[in-house]
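Architecture at a glance
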Amino acid sequence: MAARIRKAVFPVAGLGTRFLPATKTVPKEMLPIVDRPLIQYAVDEAIEAGCDTLIFVTNRYKHAVADYFDKAYELEQKLERSGKLEQLELVRNVLPPGVRAVFVTQAEALGLGHAVLCAKPVVGDEPFAVVLPDDLIWNRGPGALKQMADAAEVSGASVIAVQDVPREQTGSYGIVATDGFAARQGRIRAIVEKPSPEVAPSNLAVVGRYVLNPRIFALLENTTPGAGGEIQLTDAIAAMLTEEAVNAYRFQGTRFDCGTHLGLIEATIRFALDHEVLSDSARQLMQNALSELGVADLE
Ligand code: UTP
């Protein structure tokens, strides 16, 4: 058995160009899915997996993320005084007791690999998680990161979340080749960043959940800028494969790519239809919208 992960890194220092102009002032991670921002779903998943130290890699424009996790004294007082206790609980429970948030700055957006490297002084010498909040993963059972942390604790190897994608989409993802799968896991033989469908070694795409051994930091320090002039996490993982086992993990759950307009819309629809209070009304709204537009009924 290896050490259980306790720390999760959330790289949120990207520019979010696909959501401009909204992301001119609102970080992508603060966009809401029904009633919570994307970052809250990611944090909840990490806490469920056993993490008590949440490390946010931000930039100087992303005060909103730090403010969100800070204590809001005035707001809490007002809610308390006006008897809005349910809302007060929501505001207070953004982070449960015993969980701490640490903020690290990435001075320049030099890539995901570089953002992860910025967390090195806080992570230290232990296995840790990386969670990309714009990959929202929904599962009725244990969350994707908990599934992966359980697997990593048994094997001691780094674990990377993967998902089968249509072959024509390989150019949008890191793609892995494995030695085959036992249950949900397979040892990775190769990893390539955004290969075209003709040269992709498989259609198994990396999605935004990783459990990494701290060796990755030394490898990132030696990684030179790759695709797009950025320091790629994929390149450091490729170097890791030559030294130790890294497993791909086909998680149970549905992933929404909330880094794209359609993914955000899809997640909103799904979470609304599954919402304990809003689901009936949301369904009615969707049916009304479809019939007003002359599109076939949902039934
Ligand atoms: P993306 O590739 O989605 O980039 O980054 P982005 O800037 O967030 O969005 P677009 O493509 O411009 O719309 C993947 C993850 O890596 C983080 C992002 O915040 C996101 O969580 N990232 C990326 C950093 O933290 N720093 C970087 O330098 C680059």
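Quick note: structure is the one above.
Throughout what follows, the structure given in this document is the object of discussion. (Residues numbered from 1 in each chain as written. Predicted model: local features only at pLDDT ≥ 70, side-chain atom pairs only at ≥ 80, totals over all residues. Heavy atoms only, no water.)

**Re the site of the ligand**
Close to the ligand lie 17 residues; Pro11, Leu15, Thr17, Lys28 and Gln106 are nearest. Between the ligand and Ala13, the relevant distance is 2.9 Å, taken from an oxygen atom to a main-chain nitrogen or oxygen of the residue. Here an oxygen atom of the ligand and a backbone polar atom of Gly111 are 2.8 Å apart. Its free accessible area being 560 Å², the ligand has 82% of it covered by the protein chains. More than half of the atoms of the ligand fall within 2 Å of the grid points belonging to the largest pocket. (Near = heavy atom within 4 Å. Polar contact = N/O pair within 3.5 Å; in protein donor to acceptor, adjacent residues only side chain to side chain. Areas by Shrake-Rupley, 256 points an atom, 1.4 Å probe, with all protein chains shown as cover. 1 Å grid on protein atoms, 1.4 Å probe; cavity = no way out; pocket = protein on both sides within 12 Å on 5 of 7 lines; lining within 4 Å. Sits in = over half its atoms within 2 Å of the grid points.)

**Considerations on the layout of surface pockets**
Space left empty within the atom packing is revealed by a probe, the size of a water molecule, rolled over the atoms. Of the pockets and cavities examined, the largest pocket occupies roughly 1400 Å³. The wall of the largest pocket is formed by 50 residues, among which Arg18, Lys28, Leu132, Asp134 and Lys194 lie closest to the centre. Elements with a contribution of two residues or more to the lining of the largest pocket: α5 (112-118), β10 (185-193), β11 (204-212), α9 (233-241), β13 (254-257) and α10 (261-273). A breakdown of the residues in the lining of the largest pocket according to their chemical character gives 21 nonpolar, 17 polar and 12 charged. Counted as a void, the second largest pocket has a volume near 390 Å³. Every residue lining the second largest pocket is counted, 20 residues in all, and those nearest its centre are Tyr68, Leu90, Val91, Arg92 and Val94. Of all the elements, helix α4 (residues 85-92) adds the most residues to the lining of the second largest pocket, at 4 residues. For the lining of the second largest pocket, a count of residues per class yields 9 nonpolar, 3 polar and 8 charged. (Points joined across faces, edges and corners; volume = space filled by probe spheres on them. Helix = DSSP H or I, 4+ residues; strand = E, 2+ residues; numbered from the N terminus. Nonpolar A, V, L, I, M, F, W, Y, C, P; charged D, E, K, R; others polar.)

**Some points on a nonpolar patch on the surface**
A contiguous nonpolar surface patch, about 370 Å² in accessible area, is contributed by Leu262, Ile265, Ile269 and Leu273. Counting through the fold element by element, Ile265 comes out in helix α10. (Patch = residues over 30% accessible without salt bridge, like charges linked within 9 Å, V, L, I, M, F, W, Y side chains within 5 Å. Salt bridge = Lys/Arg side-chain N within 4 Å of Asp/Glu carboxyl O.)

**Some points on the packing of helix α3 (residues 73-81) against α4**
In contact at an axis separation of 8 Å, α3 and α4 are set at 155° when each is read in the N-to-C sense. Between α3 and α4, the angle is such that the two are roughly antiparallel. In this structure, the crossing between α3 and α4 has a hand that is left-handed. Contacts between α3 and α4 involve Leu75, Glu76, Leu79 and Glu80 from the first element and Gln87, Leu88, Val91 and Arg92 from the second. (Axes fitted to C-alpha atoms, helices over the stretch in contact; angles between N-to-C directions. Parallel < 35°, antiparallel > 145°, perpendicular 65-115°, else oblique. Left-handed = near helix turned anticlockwise from the far one by under 90°. Contact = heavy atoms within 4.5 Å.)

**Some details on the pattern of salt bridges**
It is possible for side chains of opposite charge to pair when their charged atoms get near one another. Applying the stated criterion across every chain yields a total of 21 salt bridges. Residues Asp150 and Lys146 are paired through a salt bridge, measuring 3.1 Å at the closest nitrogen-oxygen approach. You can see Asp150 and its partner Lys146 sitting in helix α7 (residues 144-155), 4 residues apart, about one turn around the helix. Here Lys146 falls in the partly exposed class, since its relative accessible area comes to 24%. Through salt bridges with shared partners, a single network forms among Arg4, Lys146, Asp150 and Glu153. (Buried < 20%, exposed > 50% of the residue type's maximum accessible area, 1.4 Å probe, protein only.)

**Regarding the nonpolar core**
Among the nonpolar cores identified, the biggest contains 35 residues, and Phe128 and Ile216 are the most heavily contacted of them. Setting aside residues no more than four positions away along its own chain, Phe128 makes contact with Ile5, Lys7, Val9, Val116, Val123, Tyr210, Val211, Leu212, Asn213, Pro214, Ile216 and Phe217. In this structure, Ile39, Ala144, Ala149 and Ala152 belong to the second largest nonpolar core, which totals 33 residues. (Core = buried A, V, L, I, M, F, W, Y, C linked by side-chain atoms within 4.5 Å.)

**Remarks on the packing of aromatic side chains**
A full pass over the atoms with the stated rule returns 7 aromatic pairs. Ring centres of Phe10 and Phe56 lie 5.0 Å apart, and the angle between their planes is 20°; this geometry places the pair in the stacked category. Within this pair, whereas Phe10 is found in strand β1 (residues 7-11), its partner Phe56 is found in strand β4 (residues 53-58), the two being separated by 46 residues in sequence. Just as Phe10 is buried, Phe56 falls in that class too. Taking 5.1 Å as the distance between ring centres and 20° as the angle between the ring planes, the aromatic pair formed by Phe56 and Phe103 counts as stacked. Placement of the pair is Phe56 in strand β4 and Phe103 in strand β5 (residues 100-105), with a sequence separation of 47 residues. Using a relative accessible area of 0% as the deciding quantity, one classes Phe56 as buried. (Phe/Tyr/Trp six-rings, centres within 6.5 Å; stacked < 30°, edge-to-face > 60°.)

**Some thoughts on the pairing of strand β9 (residues 174-178)**
Among the 5 residues of β9, 5 are classified as buried, and the element is accordingly described as predominantly covered. Here β9 runs beside β11; their pairing, made up of 2 bridges, is antiparallel. Residue pairing in the sheet places Ile175 in a bridge with Ala205 of β11. (Pairing = 2+ DSSP bridges.)

**Quick look at the side chain of Asn59**
Structurally, Asn59 is set in the loop between β4 and α2 (63-69). A relative accessible area of 11% means that Asn59 is categorised as buried.

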